[in-house]
Amino acid sequence: MSSHTLGIAYGYHDASASLVKDGRLIFSTTEDRLSRQKHDAQFPINAIRECLEKGNISPKDLDQITFHEDPYQKFSRIICSTFAGYPRTRREFSSSMLSWLKGKLWPFHEIAEQLDVDPAKIFYFNHHYSHALTGFLGSGFDDAAILVVDAVGDWACTSIYSARWSNSKPAFEKVYESHFPHSLGLVYSAFTEFLGFKPNDSECSTMALASFGEPKYVGEIGKMVSQESDRFTVRQEFFNFITYSEGATSKHFENIFGEARSASSVLKFSSFEKIADPKNQKYADIAASIQSVFSQTVLDLAEKARVATKSSNLCISGGGAMNCVANSFIMKNSKFENYHVPIDPGDGGSSIGPALYANLTLNDQTRQPVDLVYLPYMGVSSQKNLDLKYLELLDPRKFLRFEKVLNSQAPTNRWKRKNCTKENGIAETVKLLVAGYSVGILNGASEIGPRALGNRSILIRPDDVAVAMKLSETVKKRARFRLYALSMLPEFALKSLVLTGDIKKYRWMQFTAEVKDEFRDRLKAAVHIDGTTRPHICYQEDNPEMHRLLQAFEKNTGIGAILNTSFNESGKPLVATGYDALIMFARTSLNALVIDYEQIIRKEDYYAKNQTHIHDGDSPILSVEL
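Model, not experiment: these values are computed from the prediction.

Participant: Help me get a handle on the packing of helix 7 (residues 184-194) against helix 11 (residues 281-309), residues and values and all.
Facilitator: Helix-helix packing: each pair is described by the crossing angle between the helix axes and the interaxial distance. Where helix 7 contacts helix 11, the two axes come as close as 10 Å, and the packing angle between them is 170°. Between helix 7 and helix 11, the angle falls in the class roughly antiparallel. Contacts from L184, V187, Y188, F191 and F194 of helix 7 reach helix 11 at Y283, I286, I290, Q291, F294, T297 and V298.

Structural data, given as C-alpha cells:
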C-alpha cells in the first residue's frame, strides 16, 4: 500500500506544502503562487488542496503530516529576547504575544482542525533541521556536510550538520550551531534595509549592487561581526535585532556609514550601458563590502564543516543559500569536491525535506540517495483554471472597461492568437524571439522556488540590450543594475562560460559564472557589470521543450542561449496558472504569450504589421516575417 506524507511550512514567510508518495516528491508549491500575495505566510490551505488533488487523496489518506519548525523553541526565543530588553522591547513584546498566543503557538491544533485529521499524525522538526533535510535529501550524495545559513529559525541562525546514508536510511548529526541574535543572515538583511531595499525580499538587489562597488568598508564591518574558531559573533550595539521596531540598524551603525539611502531615490547604475552613479557610489561600496564579508564568512563556515565532517560533499541550505555570488565564491575557494544547493533552499522549500525524511523513516521505505533526486517542475499545472474564453478579454477595443480596470499598457489593435502543434509552437516562438519580442512562457508544471527555469519564464534574445531595457522598464519594472539570467545549452555553456567542476550544478541558477570575453557581445543583455551571468544550463532530460527551443534558437542565430527572467510583475510571485499569465499579459507591455507551445498570443502592432527589423545601432541585422 502506498504511503503519503504531507509537508507544511507557514507562519513567517513563504508558506508552502509538499506531498511525498512512497519516498518520492510528487508535488510542491508555495502558497503565494495561489493567493497571489508575495511571500504569503498564512496557513497554506490552497497549496495543501493542490497537493491532495495531485495525489488523488483526502486528508484521511495521509500517513503523516510534518511541520517545519518547533513552535515551542521559537516561542522561548521570543520570550527570552523580549524580556531581556524590557522595557525598551515593550512594543515587540506586546505585538509578539498577541500573534503567538492568538495562533502561532498552536500550529498543530490548526493543522488538525483545518484538515480534520488525528493530531497524532503530525510531527515537527526544528527550523534548521528542516533546512538541513531539504539541503541533503535530493542531492544524490551518500554523505555530506550541510551548511545552513539564514536569518533566524527557532534559536539557530547558522548550523552545520553531518549527513550520511546507512542501511537505506538517512542519518543526521548536528556538529555546530550559532544562536540568535548572532545572525549573519540578519546582518545581511540589515544592510539590505540600510541600502534602501526591502529586507527578507530584496537581498538580491544588494548582491547585484555590490558588483558596482569596491569593498572599502570590510574593516568597519569586521568590527561588527567576527568568526572565531568556535563561534560567530555579532556586536549588538550596531543592530536592533531585538528592538526591531526601531529599524534594523542603530545610531552606532549610522555613525560609521552615515544616513541610510531612501527607498524612493533612484540608483542610476546600469549593466546594460555600463553606467556608474557617482552620487550613490558609497552605497555600492557598502554593498560590495557586506557581500565580501558574507562570502568570506560563509567560506570559513564551509571549511569548518569540511573539517568537522570529513566529507568531500557540501550542501548549502537556508535563505543564505540564495546568494549565488557567495555560493560561487565557496565553490571556487573551498576544498570540497562536490556541491549541492536545493532548488528552493529558503523557507518555501522547508516543507520538502521533513516530508521526505518522515516518509522514509516512518513508513519502512527502502530508498537509495539517487531515488530522492527531484526536478524543479513539481508545481501547479499551466492548465489550472485555464479557460480560453478569457482570451476574449484581451481585445482592448471590445473590453475597454476591463482594460481600464487592469491598467493595461496594451496596444490598441486586436491581439492575434494562433493554435500550434508543440513542434510548430517552438518554431513560432523562436521567430518571435529572433524578431525582438519579449515572450512569456507558460508551460506544464510550475517550478519549485523563486527561479524561473523555462516553465514560468519571460524570454528575450540575449544580444539585444534595447529589448532588455524595455523589459526592465515596462514589464519587470526593475532597476537596470539588476542582473538577468541565461538559459543555455550545455555545449554552448562549455564554450562561452568559465565553469568550475561538474557543470550540472549550474542547472538551477544557484551559481554565477564568468562569461568569456569573446562571447560577451553576443550575450550582452544578460552579462553583469562584473562580466558574470547566472546560468540555467538546460538538459533535455530536465526540460525537453526548453531544450528544443534553445536548439532551434541556436540554429537560427548561432547563439545557444536565451535571456531568461521570472514570469512575474514587480512585487508579485511567479505566475502559476493560465489565468495568472493572461492577467499579467493584459497588464503589461509583454509582447507575446506562449501557452504550452500550443497557443501563441501576440500584440499585433508591437512592430510593423507584416515585417520586423532588428537593429544593432543604425544597421539592420535581421529581417523576419511574422
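Participant: Outline unusual backbone geometry, listing residues and values.
Facilitator: Along the chain, F180 connects to P181 via a cis peptide bond; the corresponding omega equals 10°. Mapped onto the elements, P181 comes out in the loop between strand 8 (169-179) and helix 7. Although it is not a glycine, H39 adopts a positive phi angle of roughly 65°. Looking at the element boundaries, H39 is found in the loop between helix 1 (32-35) and helix 2 (45-55). Residues other than glycine seldom take positive phi values, yet K274 does so here, at roughly 55°. Here K274 shows up in the loop between helix 10 (251-257) and helix 11.

Participant: Talk me through the packing of aromatic side chains; I want residue IDs and the actual numbers.
Facilitator: Under the defined criterion, the tally for this structure stands at 31 aromatic pairs. A centroid spacing of 5.8 Å and a plane angle of 85° characterise the contact between F67 and F108, whose relative ring orientation is edge-to-face. You can see F67 sitting in strand 4 (residues 64-67) and its partner F108 sitting in helix 5 (residues 107-115), a full 41 residues away along the chain. Residues F67 and F108 agree in their burial class; the two are buried. Consider the rings of Y506 and F511, whose centres lie 6.0 Å apart with planes at 65°: the pair is edge-to-face. Comparing Y506 with F511 shows no difference in burial state: the two are buried. Three or more aromatic residues link up through ring pairs in this structure, and these residues are F191, F194, Y217, F239, F241, F253, F257 and Y283. Stacked on the ring of Y12, the Lys or Arg K74 has its end atom at 5.3 Å from the ring centre.

Participant: Give me the lowdown on the side chain of T66, citing residues and values where you can.
Facilitator: The topology assignment puts T66 in strand 4. With a relative accessible area of 0%, T66 lands in the buried category. Once you skip the residues sitting within four places of it in the chain, T66 turns out to touch T5, L6, G7, I8, F123, F125, P354, A355 and A358.

Participant: Please provide a residue-by-residue account of the nonpolar core, values included.
Facilitator: In this structure, F191, F239, F257, L314, L523 and L549 are the most contacted members of the largest nonpolar core, which totals 127 residues. In terms of residue count, helix 11 provides more of this core than any other element does, 13 residues in total. Excluding residues that lie within four positions of it along the chain, L314 makes contacts with F141, A145, L147, A302, I330, F336, N338, Y339 and H340. With 32 residues, the next largest nonpolar core counts A132, I146, Y161 and I448 among its residues.

Participant: Explain the sheet that holds strand 8 to me, and be specific about the residues and the numbers.
Facilitator: Spatially, 8-7-6-11-12 is the arrangement adopted by the 5 strands of the open sheet, whose pairing is mixed. Pairing within the sheet leaves two strands with one partner each, and these edge strands are strand 8 and strand 12 (338-340). For this sheet, the mean angle separating the axes of adjacent strands, direction not counted, is 20°. Two strands pair when backbone bridges link them, and strand 7 (residues 156-166) and strand 8 are joined in this way by 10 bridges, in the antiparallel orientation. The residue of strand 8 that forms the bridge with W165 is P170. In this fold helix 6 (residues 127-136) packs onto strand 6 (143-149), strand 7, strand 8, strand 11 (313-317) and strand 12, with an angle of close to 45° to the strand it touches most, strand 7.

Participant: Kindly report on the sheet that holds strand 21 (residues 592-595), identifying the contributing residues and their values.
Facilitator: Across the sheet, which stays open at both edges, the 10 strands sit in the order 13-22-21-14-15-20-16-19-18-17 with mixed pairing between neighbours. In this open sheet, the two strands that pair with only one neighbour each are strand 13 (415-419) and strand 17 (497-498). Of the pairings in the sheet, the one linking strand 18 (residues 513-515) to strand 19 (residues 532-537) comprises 2 bridges and is antiparallel in character. Following the sheet pairing, A513 is matched in strand 19 by T533. Contacting strand 15 (456-460) and strand 20 (561-566), helix 16 (residues 465-476) runs over the sheet at an angle of about 140° to strand 15.

Participant: Summarise the pattern of salt bridges; cite the residues concerned and give the values.
Facilitator: Scanning all chains against the criterion turns up 22 salt bridges. Across the salt bridge formed by R235 and E237, the nearest N and O atoms sit 2.4 Å from each other. By relative accessible area, E237 is classed as partly exposed at 32%. Across the pair E541 and K504 runs a salt bridge whose closest N-O atoms are separated by 3.6 Å. Pair noted here: E541 is in the loop between strand 19 and helix 18 (544-557) and K504 is in the loop between strand 17 and strand 18, with a separation of 37 residues, a long-range link. The structure contains a network of salt bridges with shared partners spanning E273, E473 and R480.

Participant: Lay out the environment of I343 in plain terms, naming residues and giving numbers.
Facilitator: Along the chain, I343 falls in the loop between strand 12 and helix 13 (352-362). Classification of I343 as buried rests on a relative accessible area of 4%. Note: C-alpha distance between I343 and Y374 (31 residues apart in sequence) is 9.1 Å. In contact with I343, not counting residues within four places along its chain, are Y374, L375, P376, I448, W508 and Q510.

Parameters and conventions
Numbering of residues starts from 1 in each chain and follows the order in which that chain's sequence is written. The predicted origin of the model limits local features to residues at a pLDDT of at least 70 and limits the giving and counting of side-chain atom pairs to 80 or more, whereas totals for whole chains, interfaces and linings rest on all residues. Values shown for side chains rest on all heavy atoms present in the structure; no hydrogens or waters enter the calculation. As a rule, the C-alpha atoms of each element are fitted with a line to give its axis, helices using only the stretch in contact, and angles between N-to-C directions run from 0 to 180 degrees. In this description a helix means any DSSP run of H or I spanning at least four residues, a strand means any run of E spanning at least two, and both kinds are numbered starting from the N terminus. Here the word oblique covers every angle except those under 35 degrees (roughly parallel), over 145 (roughly antiparallel) and from 65 to 115 (roughly perpendicular). For this analysis, residues touch if any pair of their heavy atoms sits within 4.5 Å. In this scheme Phe, Tyr and Trp rings, the latter by its six-membered ring, pair at centre separations within 6.5 Å, and the angle between planes marks the pair as stacked below 30 degrees, edge-to-face above 60, and tilted otherwise. Any residue under 20% of the maximum accessible area for its type is buried, any over 50% is exposed, and the rest in between are partly exposed; the area is computed with a 1.4 Å probe on protein chains only. A ring has a charge above it when a Lys NZ or an Arg CZ is no more than 6 Å from the ring centre and no more than 35 degrees off the ring normal. Definition of nonpolar core: a set of buried residues of the types Ala, Val, Leu, Ile, Met, Phe, Trp, Tyr and Cys, connected through side-chain atoms within 4.5 Å. Whether two strands pair depends on DSSP finding at least two bridges between them. When a carboxyl oxygen of Asp or Glu is within 4 Å of a side-chain nitrogen of Lys or Arg, the pair counts as a salt bridge.

Keep in mind these values describe shape, not function.
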